[in-house]
Amino acid sequence: MAGGIRMVLPEPSDLGVDPYVVARRPDSVRSVYQPIVALGPRRELVGFEALARWPAAPMVDPVAVFAAARAEGLLAEVDWACRVSAVAGAMERNLGRSHTLFVNVEPDALRHTRLPNTDFAEVVDRARGELRIILELTERAITDDPSSLLRAVDTARSNGWGIALDDVGSNPQSLALLPLIQPDVIKLDRSLLEPEDCAVAEEIAALVREHARSSGASVLAEGIETTAHLRRAIELGARYGQGRMLGAPGALPALIPAPSEPIPLITEGNSHVPTSPGALLDVIPSSRFDSDRSIGTIDRVLDGMENTRDPLTVLCAVDTRSPEASRVARRVARLAERHPFVAVIGAEEDRSVAGRFGSAARWSGARDGDPINNEWALVAIGSRTEVALLARSAADQPAGDVDLTVSYDRPVVRAAGRSLSRRVTAIAGI
């Protein structure tokens, strides 16, 4: 790329780890386990995070291994090999279900849900019954491919597993999407334990605490290396912690006393996902609006999104055939310049309209026959904001009439948001 810097990836031979070997031989990976501790007076050991290591190259950086696997088109296979190593090692030491095992998942591998081979499948089937697992996702997974992320969340919960969202606080997307993902554990980014940005850290921690209070999620602080870090983690509201002060990565202990209670998992949550946001109008109150009144209501909701200082996730379904679509598109484009994540769903056949929403908004096309093509939806989700405008063409009524509602009810907003998110496709090239 002219004028840019080209990253040169090391050859597998330089790494000492060959992604092709890892993909085919999971026994080439070994996991070490870092303790996770309750920060109460007893400092109980409540779980472990599994971290991939390669005995053939003990000093290799795992980030470099995953970069090489991505370059070879083997990221999903290598990621699965690391996950299988994590659960197999825990079962070998009879970790059981009293303690929680955190297993990392590479965001780019989320779309690949099929296991690479039958040996992997057997290990994962055993793990479902023998271990208490939480899949750990980074916030990058949210914006790279939200539809795959939500499918991974649903799969994890159907297996009885939990979800942890990592690095929360390092990026506005993390806060904006907490209500949509509903993680069981929120892992505070280690930068929040440093004193340089205390005011910013306090604000982020307050937003996380409020979400945790309303959702039942647990807060975990990473990177606790000193007594000052530990004190700061407790001040920020963390219930659990990990870091070298609390335990370095290593082999699982031979004897692990059971904690008084495990890390809780959220049992309720996101089971209901409507086929389209407008389907919610079958079960919640709405009003019949003509074209002028509906556009006025859409403008008022967009005004609120433009005026808030709350970082928002904004999800829109736009009836691209409407004469008002272009004007709404210009307003959504302005939102996309200000907020961390804005996505628009419109009819695939009208893809030419995508450019009107600006380069900062994510466009996804809905197939012909999708009911969303006859709907309007504006959903805003943030740490302090939850609102959904839902509208669809009124049956057997004059052209332009719609059934419409504006809801601030949390379950309605989140159900609409998840329905829209499932249609948001991956960024090209990921």
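In short, a report on the structure. (Residues numbered from 1 in each chain as written. Predicted model: local features only at pLDDT ≥ 70, side-chain atom pairs only at ≥ 80, totals over all residues. Heavy atoms only, no water.)

## Let's talk about the sheet that holds strand β9 (residues 287–289)
Thought 1: The strand order across the open sheet built from 7 strands is β9-β15-β14-β13-β10-β11-β12, with neighbouring strands paired in mixed fashion. Strand pairing shows two members of the sheet lacking a second neighbour, β9 and β12 (362–366), which therefore form its edges. Strand-to-strand, the axes of this sheet are offset by a mean angle of 20 degrees, without reference to chain direction.
Thought 2: Bridge count between strand β14 (residues 386–393) and strand β15 (residues 402–407): 6 bridges; the pairing is antiparallel. Bridge pairing links Arg392 to Asp403 in β15.
Thought 3: Helix-sheet contacts for helix α11 (residues 291–307) involve β9, β10 (312–317), β13 (375–382), β14 and β15, and the interaxial angle to β13 is about 20 degrees. (Pairing = 2+ DSSP bridges. Helix = DSSP H or I, 4+ residues; strand = E, 2+ residues; numbered from the N terminus. Axes fitted to C-alpha atoms, helices over the stretch in contact; angles between N-to-C directions. Contact = heavy atoms within 4.5 Å.)

## Details of the pattern of salt bridges
Pairs can form between side chains of opposite charge once their charged atoms are near each other.
Thought 1: Within the structure shown, the criterion is met by 24 salt bridges.
Thought 2: Where Arg239 meets Glu261, a salt bridge forms, and the shortest distance between an N and an O atom there is 2.7 Å. With Arg239 in the loop between α10 (227–235) and β8 (240–241) and Glu261 in the loop between β8 and β9, this pair connects stretches of sequence that are 22 residues apart.
Thought 3: Residue class for Arg239 comes out partly exposed when judged on its relative accessible area of 39%.
Thought 4: In this structure Glu261 comes out as partly exposed when scored by relative accessible area, which is 43%.
Thought 5: One salt bridge in this structure joins Asp303 and Arg331, with 2.4 Å as the shortest N-O distance. With Asp303 in helix α11 and Arg331 in helix α12 (residues 325–338), this residue pair connects regions lying 28 residues apart in the sequence.
Thought 6: Judged by relative accessible area, which is 32%, Asp303 ranks as partly exposed. (Salt bridge = Lys/Arg side-chain N within 4 Å of Asp/Glu carboxyl O. Buried < 20%, exposed > 50% of the residue type's maximum accessible area, 1.4 Å probe, protein only.)

## Let's talk about the layout of surface pockets
Thought 1: Estimated volume of the largest pocket: approximately 920 Å³.
Thought 2: Together, 35 residues line the largest pocket, and Glu49, Leu51, Pro62, Val63 and Asn104 are the ones closest to its centre.
Thought 3: Put simply, the parts of the chain that give the lining of the largest pocket at least two residues each are β1 (30–38), β2 (45–53), α3 (62–71), α4 (75–92), β3 (100–104), β4 (132–138) and β5 (162–168).
Thought 4: Tallied by class, residues from the lining of the largest pocket come to 13 nonpolar, 7 polar and 15 charged. (1 Å grid on protein atoms, 1.4 Å probe; cavity = no way out; pocket = protein on both sides within 12 Å on 5 of 7 lines; lining within 4 Å. Points joined across faces, edges and corners; volume = space filled by probe spheres on them. Nonpolar A, V, L, I, M, F, W, Y, C, P; charged D, E, K, R; others polar.)

## Quick look at α12
Thought 1: Relative to the 20 Å expected for 14 residues at 1.5 Å per residue, α12 spans 20 Å between its end C-alpha atoms, a close match to the ideal helical length.
Thought 2: All buried positions along α12 are accounted for by Ala325, Val328, Ala329, Arg331, Val332, Ala333, Leu335 and Ala336. (Expected span 1.5 Å × (residues − 1).)

## Things to note about the sheet that holds strand β7 (residues 218–221)
Thought 1: In spatial order, the strands read β1-β2-β3-β4-β5-β6-β7-β8; together these 8 strands close into a barrel with mixed pairing.
Thought 2: Sheet topology places β7 next to β8; 2 bridges connect them, and they run parallel. Note that in β8 the partner of Leu220 across the bridge is Tyr240.

## A look at the packing of α3 against α4
Thought 1: Where α3 contacts α4, the two axes come as close as 7 Å, and the packing angle between them is 140 degrees. By the angle between their axes, α3 is oblique relative to α4. Side by side, α3 and α4 meet where Phe66, Ala69 and Arg70 of the first sit next to Leu75, Val78, Asp79 and Cys82 of the second. (Parallel < 35°, antiparallel > 145°, perpendicular 65-115°, else oblique.)

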